[in-house]
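If you want the building blocks of each chain, they are given just below.
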Amino acid sequence: MCSLTCTNIQILEEHVDLHLEEHSFSEGGNIRDLELAQRLQTEEDKRQRSEEEKREREEFKKLQRQYGLDNSGGYKQQFLKNMEREVDRGRMQPFEYHKRKADMMECLAFGIDDGKTKTSGIIEALCKYYQNENKDVRRVWLSTGVDHFHSSLGDRGWGCGYRNFQMLLSSLLQNSLYNDCLRDTTLIPSIPKIQSMIEDAWKEGFDPHGASHFNNRLHGSKAWIGACEIYSLLTNLRIKCQIIDFHKPTGPMGTHPRLFEWVLHYYSTDNEGGAKVVCTSKPPIYLQHQGHSRTVVGIEEKKNKTLCLLLFDPGCPSQEMQKMLKQNNDGTSLKLLRRFVGSLKEKQYQIVAVDGVLSLEEKAARCHASQVLTSEKIP
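Numbers given to residues run from 1 along each chain, matching the order in which its sequence is written. This being a predicted model, a pLDDT of at least 70 is required before a residue's local features are given, and a value of 80 or more before pairs of side-chain atoms are given or counted; all residues contribute to the totals for chains, interfaces and linings. Side-chain figures throughout are based on the complete set of non-hydrogen atoms in the structure, without hydrogens or water.

1. Digging into the environment of Arg-338
Numbering of helices and strands runs from the N terminus; a helix is a DSSP stretch of H or I covering at least four residues, while a strand is a stretch of E covering at least two. As for its placement among the helices and strands, Arg-338 is situated in strand β9 (residues 338-340). What makes Arg-338 buried here is its relative accessible area of 19%. Separated by 38 residues in sequence, Arg-338 and Glu-300 have C-alpha atoms that sit 8.8 Å apart. At 2.9 Å, the side chain of Arg-338 forms a polar contact with the side chain of Glu-300. Classification of residues uses two cut-offs on accessible area relative to the type maximum, computed with a 1.4 Å probe and protein chains only: under 20% is buried, over 50% is exposed, and between them is partly exposed. Side-chain atoms alone can form a polar contact between residues adjacent in sequence; in general such a contact is a pair of N or O atoms within 3.5 Å, and within protein one must be able to donate a hydrogen while the other accepts it.

2. Digging into the layout of surface pockets
Throughout, the protein atoms alone are placed on a 1 Å grid, and a set of points is a cavity if a 1.4 Å probe fits but cannot get out or a pocket if it is open with protein on both sides within 12 Å along at least five of seven lines; lining residues have an atom within 4 Å of a point. Grid points are joined across faces, edges and corners, and a volume is the space filled by probe spheres set on the points. Quantified by volume, the largest pocket comes out at close to 650 Å³. Every residue lining the largest pocket is counted, 27 residues in all, and those nearest its centre are Gly-226, Ala-227, Gln-288, Gln-290 and Gln-350. Listing elements by their share of the lining of the largest pocket, those giving two or more residues are α7 (208-213), α8 (227-236), β6 (285-289) and β10 (349-357). Side-chain classes are defined by residue name, with Ala, Val, Leu, Ile, Met, Phe, Trp, Tyr, Cys and Pro counting as nonpolar, Asp, Glu, Lys and Arg as charged, and the others, Gly among them, as polar. Taken together, the residues of the lining of the largest pocket sort by class into 9 nonpolar, 12 polar and 6 charged.

3. Here's the deal with the confidence of the model for the chain
The predictor's confidence in any single residue is recorded as pLDDT, a number from 0 to 100. Taken over all residues, the pLDDT of the chain has a mean of 88, while the share at 70 or more is 89%. Note that residues 374-379 has pLDDT below 50 and, in this model, 5 contacts with residues that lie over four places away or in other chains. Note on definitions: a residue-residue contact is assigned when non-hydrogen atoms from the two residues lie within 4.5 Å.

4. Overview of the packing of helix α5 (residues 160-172) against α8
To get an axis, fit a line to the C-alpha atoms, keeping to the stretch in contact for a helix; angles then go from 0 to 180 degrees between the N-to-C directions. Between α5 and α8, the least distance of the axes is 11 Å, while the angle of their chain directions is 35°. The handedness of the crossing between α5 and α8 is right-handed. Of α8, the residues touching α5 (which contributes Gly-161, Phe-165, Leu-168 and Leu-172) are Ile-230, Leu-233 and Leu-234. Two helices that cross are described as forming a left-handed crossing if the nearer one is turned anticlockwise from the farther one by less than a right angle, and a right-handed crossing if clockwise.

5. Points about empty space enclosed by the protein
Per the stated rule, a full pass over the model turns up 2 cavities of 30 Å³ or more. If you add up the space inside the largest cavity, you get close to 80 Å³. Around the largest cavity, the lining residues are Tyr-75, Met-104, Cys-107, Leu-108, Ile-112, Asp-113, Asp-114, Arg-163, Ser-190, Ile-191 and Pro-192. Where the lining of the largest cavity is concerned, the elements lending two or more residues are α3 (94-110) and α6 (191-203). The dominant element in the lining of the largest cavity, judged by the number of residues it contributes, is α3, at 3 residues. Split by residue class, the lining of the largest cavity holds 7 nonpolar, 1 polar and 3 charged. As for the second largest cavity, its lining consists of Phe-79, Arg-100, Asp-103, Met-104, Asp-114 and Lys-116. Its residues assigned to classes, the lining of the second largest cavity comprises 2 nonpolar, no polar and 4 charged.

6. Observations regarding helix α9 (residues 257-268)
Along an α-helix, residues three or four apart share an orientation, since each turn contains 3.6 residues. Here α9 contains 12 residues, and its C-alpha end-to-end distance of 16 Å stays within 8% of the 16 Å for a straight helix at 1.5 Å per residue. Turning to α9, its buried residues are Leu-259, Phe-260, Val-263, Leu-264, Tyr-266, Tyr-267 and Ser-268. Just past α9, the residue Asp-270 takes up positive phi, approximately 70°. In this scheme, a helix's expected span is set at 1.5 Å multiplied by one less than its residue total.

7. A look at the pairing of strand β2 (residues 137-142)
For β2, the buried fraction is high: 5 of the 6 residues fall into the buried class. Pairs of strands are assigned from DSSP output, requiring at least two bridges between the strands. Where β2 meets strand β7 (residues 292-302), 5 bridges bridge the pair, whose relative direction is antiparallel. Residue pairing in the sheet places Val-140 in a bridge with Glu-300 of β7.

8. Focus: the pattern of salt bridges
Within this document, salt bridges are pairs made up of a side-chain nitrogen of Lys or Arg and a carboxyl oxygen of Asp or Glu, the two lying within 4 Å of each other. Under the defined criterion, the tally for this structure stands at 15 salt bridges. A salt bridge links Lys-302 to Asp-136, with the nearest nitrogen and oxygen atoms 3.7 Å apart. Taken together, the residues span a long stretch of sequence, with Lys-302 in strand β7 and Asp-136 in the loop between α4 (122-132) and β2 at a distance of 166 residues. Its relative accessible area of 5% is what places Lys-302 among the buried residues. A salt bridge links Asp-155 to Arg-163, with the nearest nitrogen and oxygen atoms 2.8 Å apart.

Have a look at this one:
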């Protein structure tokens, strides 16, 4: 135990006992230190878990707000709230507020769009413009007539998917091929009505996985929609369409030249004549990427063989779009529509393209297929 030499047995025993007591105390101290350290570590782990859970809850709430799933109301509530703000700031007179509120309530009751953000005749104006344009466009293919719709006070910040559906529908309503499919939709539906139409598709069994993301409810929310919801809605109406994924860049600098080539093929198939301006019978194309969607209404082929998409953006207000209707259009307003390969650099894009009518059997088969695909996605 130590180097001490004792001459007396009693002194030796007392000295040994002291050593044993000291050792026992030291061991007890170590145990208490260990227990304290473990308790402190447990408390620290608990605190970190609590902070992590708090961060996750806040992030989840942020995502809910971002995607309109936070139960803060939908189109009607946002419309009224934004109008009240305009009155408070002196930008709107109270009588105008009450008139617009009454108009909105009437349109919502009938389920139709008020048409106040619509611009018609742009495709026709583009046909005329390209007939006389001789600078650098070799050929151009255009969709059949499409009305432009832009976001309003009620859907600003989240309504692009619905507005693009309105654009696509405005074209289909002008095509007799789709008369039977759209016999119950002769007017452009309001955004809340479109939400109800998507819910109807879910009730029919389309895309149960996507429906569960929204808790099977869109109406009365500010929920963003994308290509899958547009596909379900169109297919439930017996409109034949397909989703094409461009899930990674296919060109340098993160570009998507294959997307442009696909659009060119879509418009030029069955339209191979030598005319410079080809006004096709093709409907426009729904184009989706993370956070936004637009409508493809045509494509240019330049004299140097480069391609340029023509896009209707629901974020572009009517005042700007109407500039293209002027008789002396010199083409400068076309910059609102033109997007070259270098302009589309999102990581992924999705296209929804319409191609005819489905029979009831084909519709049922596609509904079943969407359920099978859903079950395969879920691990």
